[in-house]
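Analysis of the macromolecular model
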Amino acid sequence: MTPASPATIPTLDFKAEADRLLPPGASYDACLACGLCSSGCPASGIDGMDPRRFIRMAMLGLNRELSTTPWIWSCTLCQRCSSVCPMSIDVSVLVSLARGNWPPERRPSGIVRSCQAQLRSASTSAMGVRPEEFVDIVAESAAEVRRQGPRFRRIQPPVDRQGAYFFVNQNSREPAAEPEELGPLWKILDYVGADWTYSSTGWAAENFCLFGGDDDAWRAVVEQRVAAVNALGCRVWLNTECGHSFYSMWRGIRRFGLDARFELDNLISWYARWIREGRLPVNADWNRAGLRFTVQDPCQLVRKSVGDPAADDLRFVARALVGAENFVDMQPCRGANYCCGGGGGALQAGRSGARRSYGRRKFDQIAASGADYVLTPCHNCHSQIEDIGRHYGGDYRVVHFWTLICLSLGILGEDERRYLGPELAGPGLPDRGDDGDG
Amino acid sequence: MAMAERTLETEVLIIGAGVTGSGVMRDLALRGIHCLLIDQGDIDAGASGANHGLLHSGGRYVVSDPATAAECRREGELLKRLAPHCVDDCGGLFVAFEGDDPDYAAGFGARCRDAGIPCRPLTPAQAREREPALGERLVSAWAVPDASVDPFRLTLCNLAHARALTGSGYLPHTRLEGFDLRHGAIHSVLCRDPRSGEPLRIRARQVVNATGAWAMAVARMAGCRGVRLDCVKGTLLITASRLTHGVVNRLRPPADGDILVPGGSVSLLGTTSDRVDSPDAAPPTVAEVDRNLAEAVTMVPALADARFIRAFSGVRPVLAGSGGRGFHLFDHDGDGPSNLATITGGKLTTFRLMAQRTADLVARRLGVDAPCRTADEPLPEAEAGRWTEPGYAPRRWYARGDTADPILCECEMVPASAVDAIGRQAGNGDAPPDLRAIGVRSRVGKGSCQGAFCSIRVTAHLYDRGVYRDRDGLARAREFVEHRFRGVRPVLWGAQMPQAELAEALHRGLMGLDLPDGDGNGEEG
Amino acid sequence: MSGEPRRHRVQLAVIGSGLAGCAAALFALERGLTTAQVGHSGALAYTSGHLDLLGVLDGRVVDDPWSALGELQRRQPGHPLARIAPETVRHAFHRFTAALSSLGIGYTTPGDRNLRAPTPAGTVKPTLSLPCTMAAGVTAARERSATLVVDFAGLEGFSARQLVANLGPRWPGLRCTRLDFPGMEDGGVLYPEAMARALEVPATRERLAGRIRAVLEGASCVGLPAILGIHRPDRVHRALQRALGATLFEVPTMPPGVAGIRLQEAFEQALPARGLTLVSRQKVTRLQLGKEEATLQLHDSYGPLEIHAGAVLLATGRFLSGGLVADRDGIREPLLDLPVQQPPGRDAWHRDDYLAPEGHPVNGAGIRCDRWLRPLNPDGRVVHPRLFAAGILLAGQDWVRQRCGAGVAIATAFAAVQAAARHLGPGDGDSTPNPG
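Residues numbered from 1 in each chain as written. Chains lettered and ligands numbered in written order. Predicted model: local features only at pLDDT ≥ 70, side-chain atom pairs only at ≥ 80, totals over all residues.

**Concerning the pairing of strand E1 (residues 6-15) of chain B**
Residues and elements named next belong to chain B. As paired elements, E1 and strand E12 (residues 199-209) share 9 bridges and run parallel to each other. If you follow Val12 over to E12, its bridge partner there is Gln206. Bridge count for E1 against strand E2 (residues 35-38) is 4 bridges, and the pairing is parallel. Across the sheet, residue Val12 finds its bridge partner in E2, namely Cys35. Remark: the E1/helix H1 (residues 19-30)/E2 crossover connection has right-handed handedness. (Pairing = 2+ DSSP bridges. Helix = DSSP H or I, 4+ residues; strand = E, 2+ residues; numbered from the N terminus. Right-handed = clockwise from strand over helix to strand, strands pointing away.)

Written as structure tokens, this is what we have:
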């Protein structure tokens, strides 16, 4: 028997869908064909496509071409096009629809498998980390942290603690691949005396179902998480350093009308608050060498959800950490920022050539800034910016906020410095004293 | 300074490059006869290009003009079979709404059957299922085999076929200045290029006047008084996107704004009908646009909020005193030169038959006994005719996957390769076509920006290609945007207003096209 | 999750983020007013970058815009520029160009004469001031310097051959060439924005300079499409000029170009740093003018927002930016339904000839104001003492045809801020502003 031929992609009527989904003043009919969308889109040119062509092809009825173009997997759904469009026309709505229109077996398998894994497990983890595994990994990693010194003796990450103020989520990448990156976060939460808990279910941050264009699956993942937070009675679902997790949860709750009996907030804003309140007394003394830092605004957090207040917080924290004189913005930035090219599931979509060509603009931005380090409060940004740095021969490093916070506070362990350069291997190591856990 | 006069020779000179003139040329070429076709402007500049593009089933005329209705039915069927690439066989509906004359609607089915037009009654629910855009107060509906046809494509295919058959040629921008009459016949025809002023003499054994609404004036230049026409101006509107699947006709005596015809990715609404004095169509007016809309929103309510991208007008030649849409072939026997024939009246749907009758006469006069073949011979699809089809250029561009082929007209997605191909295909050994000629032969300038951007990009491209070499290229750009504006002006409200504001900012503010040549270039004071 | 709006309280709320809105926010901050600005990206994105004051009057190109202002006062007393004292116009223009220069987008100091700047069409445009990155083009054209205009494979709508074909007869030293842009040689479409950002990278600049040097052949000036960086273009201009060893100038490009993006991004970063409450890329959905204060309601992506202000300055532009809406039966102002001065009916909006030197009557439509830039009712009474208006929303001007868009925006923004400050009174204006 010959293998079954791959499922064909149904043909969508994009103009009709645009009329159905977009507000009248911002319909495809309102397009001026001016090209501002494409001018500011790093995915322009990939597969010969760009946002304007997407709209024009919809208007011209090129439905077969739009239904099948792989470009939809290179658009990162970052919504920069609609934010610069004088008519506010949103291409990402139709790109998402086109993604969902591909039969699952034709969609990028990385995205599909990740989503399926999320639906299978009560963890909602795309990397298949099951609840009991998560609990074990947390316990083992915490023991490692405690061994770093006496001051970390109290590090006991709570799990399923009823009534905690914060429900803290976690991108699966840490427990699954780099558990040593968990410690800095716990140290910070411990430092400020936060009232927090993990949950054994619904703890994961990532949401690949959103990227697959599969609304039902997106909803299922969010529902699982909302149920976990409601069950523990936490006040705030605290998103850690991951961009799309915030958007997918915040937007998903609104879109699907879910009963979320808690607030959503993101860790960066709490860093800023704790610094302002003096509870995180960070400073830039460790950066006497004047290493230059820039920051990547995650589209999902800044442009697509919280807006410029999140960008302000990012910069406040960054400046406090590295010294205002050592901080430099990429241009453009904040709400006008370019997506790094790793968003929208691009890192799992397999098309690495297209993804890197997209990332070229980000690489140029970083190069123009002259920064030695890029701070990324988002895992996708982190991975993508590292990757394009390697690919295009950049000499910058990419680092999470929590790393620098612990570095500045003198509580960053030796094993927690994998993203720092050799020049930062030494400064501010915690005093080991006795063997900590002993 | 007098320019040297060129002389060309041919067997048949056809004046007027509309569908009929080009149809006569092809018909004669199929009989082995060499022709030259001239036009004061370019193809389909009169009524041929200024209509709905409706290939009538005949239903429209079953009450007022049963003979024309039956003719339309036969010709429509022929064209669908012989020129399918020019036709979108989308079907059509006749629909009556509350308040429309019930007697008119009641007799419709029987009259269609009398004219041999297949028609089928639909319940309002069935009709709305087929055309969801129809208004709520629909009371009765009939399905008929209406279709839409692209007259530009027809003409371009006619030209290409005639050229291939006998080397027959087409000369745009060749204005008739007079007839050199000798011994009761036309010895030669005097012409001039209105742009360059260059004179041209054409010697022909037979001359065909296929100038539509101008036929009366042309016939008079040859001393013929027998051609009497009424000039009827019609104004139509184009929406930015297609509103219906098929043709929608109001089931009532013909009036303003009662036909909506899909044209690829857009819809065409019309038409008004007003007697005018001159065949030179005045631009569409705001009042005409509003009259069309006032009526049409009952039929398709979405028209009230639709974005319109332009309006256009044409003057239809209607045989004086006939009141109908029939055509007439004047052999000028006894009232003019013995080698002149005038064909006028009629309509797009019947152009082939008009060409046949004309070519029969001309061939007989030339002593050629080859019969007409256009009723059997399929019209070959010409590469040059494809670019007028919405979506063709982008489909081809997308399939070729050549990212180095830039899109010059972003609205309609016409790439540079298409513009270059049109340049190659249109040239009769003459100068490559300018911006307007490219626009006529493609979708350039026909999208929602109406030339705001593509006028600049195509102009730059033509400079790059060496088609333009001096300030004349800017004059051509100015001419193009002025011409586009005539159609845009009466539909400037809603979404088209910001587009027009942006266009003016580009053409005046950025490009300085409004300032007199040279002003601002020299130092003052 | 709560749906409570986030609230801001300021003295002056500016609605609009075009040239007039940004100028107003800038002038208000300079005056020490607490200020908020809300606006969606509109027509500013399409600007050529030229700041014109009055370039054309009655179809004639204006050489001395200052004396032309006097003529304008006589011929069109209702023109917004005719109602502001020339010294105020000059002062506002200077302040504005100086502020831009401090942001790294240097502008030539407004002089007594209009400059004649080459356009991508190969024509020449009169303007009072232009970006320093474009300034050398004016001199090169005037002095007919040996100049090489470079265009790029893949950058549509910008043909160096077109410039030479049109300007060459009067500028014999003008030549052209076409190059590949470094790092973008794959034959795809090029956007000025992407090229400009790439030129902010020193290595890209070096490669481009190398390619141009190779074809310079004695040219002392080089013209490029406007691609010399977005952020602090002066720096990119200086660096590339140094690397070339020739005088360098930009020629504007058709949209989507960079001149407007430069201004937008510079304002979006610099003004908040000076204390502006900026809600960018959003539109106000409702504006209430009350006895005690004005309230602006809007949504950003996160949720509802409210801005409470002592005075409101409307700089919402025309049709392209949504400040005016054209319906089939008339033109309206969508936010407050202000009376719009307009021609009697649609048929009177436009002339038959598109590029007629007399211009289209609809371009004179807009909001009629008193000398304090307060919108007026048809009976001549002020609509509301807290409400001011500025920019091309104002009636009685034709900014495109008269080449006076920047002049109208800057001068009326300055005057409107001045009037608003007077209304707000000394000290603060957020509790009980003085009656107007």
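Once you've had a look at it, read on.
**Regarding the confidence of the model for chain B**
Close inspection of predicted coordinates is inappropriate in any region flagged by low pLDDT. Per-residue pLDDT for chain B has a mean of 93; in total, 97% of the residues score no lower than 70. Under the prediction, the complex receives an ipTM of 0.95, its pTM being 0.94. (pLDDT = per-residue confidence, 0-100.)

**What about unusual backbone geometry?**
A cis amide bond links Gly270 of chain B to the next residue, Thr271 of chain B, at an omega of -5°. Structurally, Thr271 of chain B is set in the loop between strand E16 (266-270) and strand E17 (274-276). Following Pro255 of chain C, the chain continues to Pro256 of chain C via a peptide bond in cis, the omega torsion being 0°. In this structure, Arg232 of chain C takes a positive phi of about 50° despite not being glycine. For Arg232 of chain C, the location among the structural elements is in the loop between strand E9 (221-225) and helix H8 (233-244).

**Observations concerning the nonpolar core**
Residue and element names in this part refer to chain C. Grouped together as the largest cluster of nonpolar side chains are 470 residues, with contacts concentrated most on Ala24, Leu313, Phe388, Ala413 and Ala416. Counting residues per element, this core draws most heavily on helix H11 (residues 405-424), which supplies 13 residues. Here Leu313 is in contact with Leu12, Val14, Ile15, Ala24, Phe388, Ala390, Ala416, Val417 and Ala420, once residues within four sequence places are set aside. (Core = buried A, V, L, I, M, F, W, Y, C linked by C-beta atoms within 7 Å. Buried ≥ 20, exposed ≤ 12 C-beta atoms within 10 Å, placed from the backbone. Contact = placed C-beta atoms within 7 Å.)

**As for the domain arrangement of chain A**
The accessible area lost on association of the parts is a frequent measure of interface size. Residue and element names in this part refer to chain A. Segmentation of chain A into domains returns domain 1 (14-101), domain 2 (112-274) and domain 3 (276-424). Just the C-alpha atoms count here: the centres of domain 1 and domain 2 sit 33 Å apart. Contacts between domain 1 and domain 2 engage 4 residues on the former and 4 residues on the latter. Along the lines of polarity and charge, the residues of the side of domain 1 that touches domain 2 split into 1 nonpolar, 2 polar and 1 charged. (Domains from an automatic or database assignment. Nonpolar A, V, L, I, M, F, W, Y, C, P; charged D, E, K, R; others polar.)

**A few points about the interface of chain A and chain C**
Counting from both sides, the interface comprises 28 residues of chain A and, opposite them, 26 residues of chain C. Elements with a minimum of two residues in the side of chain A that touches chain C: helix H2 (36-39), helix H5 (80-84), strand E4 (263-266), helix H15 (302-306) and helix H17 (352-369) of chain A. For the side of chain A that touches chain C, the leading source of residues is H17 of chain A, giving 5 residues. Classifying every residue of the side of chain A that touches chain C by side-chain character gives 12 nonpolar, 12 polar and 4 charged.

**Describing the sheet that holds strand E5 (residues 293-295) of chain A**
What links the strands of a sheet is backbone hydrogen bonding, and the strands pair in either a parallel or an antiparallel sense. Residues and elements named next belong to chain A. Here we have 3 strands laid out as an open sheet, ordered E5-E6-E7, and parallel in their pairing. Strand pairing shows two members of the sheet lacking a second neighbour, E5 and strand E7 (397-399), which therefore form its edges. Strand-to-strand, the axes of this sheet are offset by a mean angle of 30°, without reference to chain direction. Here E5 pairs with strand E6 (residues 373-375) via 3 bridges, running parallel. Bridge pairing in E6 links Thr294 to Val374. Seen against the sheet, helix H16 (residues 308-322) touches E5 and E6 and runs at an angle of roughly 165° to E5. (Axes fitted to C-alpha atoms, helices over the stretch in contact; angles between N-to-C directions.)

**A closer look at the packing of helix H1 (residues 14-21) of chain A against helix H6 (residues 92-101) of chain A**
Residue and element names in this part refer to chain A. Contact pair H1 / H6: the axes reach a minimum separation of 10 Å and the direction vectors enclose 125°. As far as their axial angle goes, H6 and H1 are oblique. Handedness of the H1/H6 crossing: right-handed. Contacts between H1 and H6 pair Phe14, Glu17, Ala18 and Leu21 from the former with Val93, Leu94 and Leu97 from the latter. Within the contact of H1 with H6, the residues separate by chemical class into 6 nonpolar, no polar and 1 charged. (Parallel < 35°, antiparallel > 145°, perpendicular 65-115°, else oblique. Left-handed = near helix turned anticlockwise from the far one by under 90°.)

**Quick look at the sheet that holds E4 of chain A**
Residues and elements named next belong to chain A. Read from one edge of the open sheet, 4 strands run E2-E1-E3-E4, paired in parallel fashion. Both outer strands of the open sheet, strand E2 (196-197) and E4, are each paired with one neighbouring strand and no more. Of the strand pairs in this sheet, strand E1 (residues 166-168) and E2 are connected by 2 bridges, and their pairing is parallel. If you follow Phe166 over to E2, its bridge partner there is Trp196.

**So, the interface of chain B and chain C**
Counting residues at the interface gives 49 residues for chain B and 45 residues for chain C. Mapped by element, the contributors of at least two residues to the side of chain B that touches chain C are helix H7 (286-299), helix H12 (454-464), helix H13 (472-488) and helix H14 (496-510) of chain B. Sorting elements by how many residues they give to the side of chain B that touches chain C places H14 of chain B first, with 11 residues. Across the side of chain B that touches chain C, the residue classes tally to 25 nonpolar, 10 polar and 14 charged.

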